[in-house]
Amino acid sequence: MKRRTGQDLSITRNWRLATQAVRGGTARSEFGETSEAIFLTSGYSYDRAEDAAARFAGEQGGMTYSRLQNPTVEMLEQRIALLEGAEACRTMASGMAAMTAVLLCQLQQGDHLVGGRAAFGSCRWLTDTLLPKFGIETTIVDARDPQAWQDALQPNTRVFFFETPANPTMDVVDLEAVCGIARANGVTSVVDNAFATPALQRPMEFGADVTAYSATKMMDGQGRVLAGAVCGTQDFIDNTLLPFTRNTGPTLSAFNAWVVLKGLETLDLRIRRQSESSLEVGRFLEARVPRILHPGLESHPQHALAARQMSAFGPIFAFEVADRAQAHALLNALELIDISNNIGDSRSLMTHPASTTHYGVSPEKRAEMGVSEGLLRLNVGLEDTDDLIEDLDQALRQVGL
Ligand SMILES: *Cc1c(COP(=O)(O)O)cnc(C)c1O
C-alpha cells in the first residue's frame, strides 16, 4: 500500500537507523509533499463548537494550540523517538529547556538527585544552584565510578543525571552499571546523550530510563538552530513530562523543528564521517601535545568501555597544553578552525572551556571536574582532514609545540 499521509508504525519501527533518520515520523498533507511541511501556525480552528469541546476533553484527536501540539514538531518528535528506540519523545526550545524540564517535572522539595561531576556548565548550574533553591538536595559524584553512585544513594534519591561522554573532559560513564544501580533502587536515570546521539549510542539499550538532548548539536548538525528533546516511556512523557511542559511552555518552534528534521536526514552520514576525521586529527595531536582526552584513542583510560557502548566516538574531544596563555595563543593562531564554543557543527570549532563554556563554574569546581587552564575542546567538522591537520600543525608551531 502506498502511504500518502501518515505512516504505519508497525512498518516504520522495523526500519534501520539511517532510514529512520530520513523518513521516520513523516506525515504528509493532502498535497503529498516529499519534504516535510512547515506548519507555522499558533492555533487551529474547529468545524463546530462541539469539536472544540471534544478536543479539549481529549475525546477527539487533533490539535488545539501550538504550545501543546504542532504537526511539524510532532514529525520531529516521532523521528527522534524512532531513532532512539523510545516509546515517546517531546522536543523543547533548547537543550537547556529539555534538561530543566526533565528534572523539574519529576522532582519536588525534599527529593534528592545524584549528578555526574563532569558536565555541561549550565547542567551543573541546574544541579548545584537551581535545584537546591527549591529544596531539592543534590550530590555530585565522579560519574566514572559506579560505586560512587551506589554510595550516594539516600532513601529520598529520585534521579541520577549524567552525560557520557561528558563535556568537556570526555569522561565515559558505564551506562549498564550506573543505570542498573538506579533501576535496582527505584531511581530514574536521565542520560544527556548530546555528544553521541542515537546514531552512536542508545542509552536505553543499557538500561537508561530517560534520555535528553541538546538537538542544537549533532542533530541539527549545521550550527543553525537551538533545539532540545526528551525521550522516555509513553507513561513518563504523558504523565510526568507533559503536565510540566504544557503549562510552562518551553516549546520548540515549527520552523526550528523543520530545520532539525532536515538535519537528521544526514545525521548518520555526518556523524560517521566526523567521527573518522576526529580520530585522525586526534592521532595527529596525540604526538604533539602533552595530553589528549579522546574516547576513541587507546590512551583514553575508558577506551574499552566507550567501545562497548558506542559504535563510533563522535566528533568532539579535548586536549591540554601548558596553561591559559598557551591555549589562547593556539586559538589565536588558527587560520581555518574557528574559535567557537559551539559543538556538533559541520565546521571545525575550538574553544577554551575554562574561559567560555565553564566560565560560570568556580575555579575550584573546574579543577575538580578536570577543566584545567590549559584544556582546549575541539569539534571536528566535515572539512578535509588534511586541511584541519595542516591548520593545527602551523598553529602548534607558532606556540612552540
Ligand atoms: C550544549 C549542551 C547542552 C545545552 O544545550 P543548548 O541547546 O545549548 O541549550 C546540554 N548538555 C550538553 C552535553 C551540551 O553539549
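Residues numbered from 1 in each chain as written. Predicted model: local features only at pLDDT ≥ 70, side-chain atom pairs only at ≥ 80, totals over all residues. Heavy atoms only, no water.

Taking an unreviewed UniProt entry as the reference, the protein is identified by name as O-succinylhomoserine sulfhydrylase belonging to Sphingomonas aracearum. Regarding the protein, the relevant UniProt record gives this comment under Sequence similarities (unreviewed entry): "Belongs to the trans-sulfuration enzymes family. MetZ subfamily." UniProt's Cofactor (unreviewed entry) comment on the protein is quoted here verbatim: "pyridoxal 5'-phosphate". (UniProt positions renumbered as here; feature names shortened; annotations may be inferred.)

Colleague: Sorry, what's going on with the site of the ligand here?
Modeller: Close to the ligand lie 15 residues, the nearest being Met96, Asp192, Ser214, Thr216 and Lys217. Take Ser214: an N or O atom from its side chain is 2.8 Å from an oxygen atom of the ligand. Alone, the ligand offers 380 Å² of accessible surface; in the complex the protein occludes 92% of this. Residue classes in the shell around the ligand are distributed as 7 nonpolar, 5 polar and 3 charged. (Near = heavy atom within 4 Å. Polar contact = N/O pair within 3.5 Å; in protein donor to acceptor, adjacent residues only side chain to side chain. Areas by Shrake-Rupley, 256 points an atom, 1.4 Å probe, with all protein chains shown as cover. Nonpolar A, V, L, I, M, F, W, Y, C, P; charged D, E, K, R; others polar.)

Colleague: Is there a simple way to think about the environment of Glu390 in this case?
Modeller: Locating Glu390 in the fold gives a position in helix 16 (residues 385-398). When its relative accessible area of 53% is taken as the criterion, Glu390 is described as exposed. In this structure, the C-alpha to C-alpha distance between Glu390 and Ser94, residues 296 residues apart in sequence, is 35 Å. (Helix = DSSP H or I, 4+ residues; strand = E, 2+ residues; numbered from the N terminus. Buried < 20%, exposed > 50% of the residue type's maximum accessible area, 1.4 Å probe, protein only.)

Colleague: Could you clarify how one ought to interpret unusual backbone geometry in this entry?
Modeller: The phi torsion of most residues other than glycine is negative, and most of the peptide bonds are trans. In this model, Thr164 is joined to Pro165 through a cis peptide bond whose omega is -10°. Residue position: Pro165 is located in the loop between strand 4 (157-163) and helix 8 (175-184). Of note, the amide linkage connecting Asn167 to Pro168 takes the cis form, showing an omega dihedral of -5°. Counting through the fold element by element, Pro168 comes out in the loop between strand 4 and helix 8. Despite not being glycine, Met170 has its phi angle at roughly 65°, a positive value. Mapped onto the elements, Met170 comes out in the loop between strand 4 and helix 8. A positive phi angle is found at Thr197, which is not glycine, with a value near 65°. Inspection of the secondary structure assignment puts Thr197 in helix 9 (residues 197-200).

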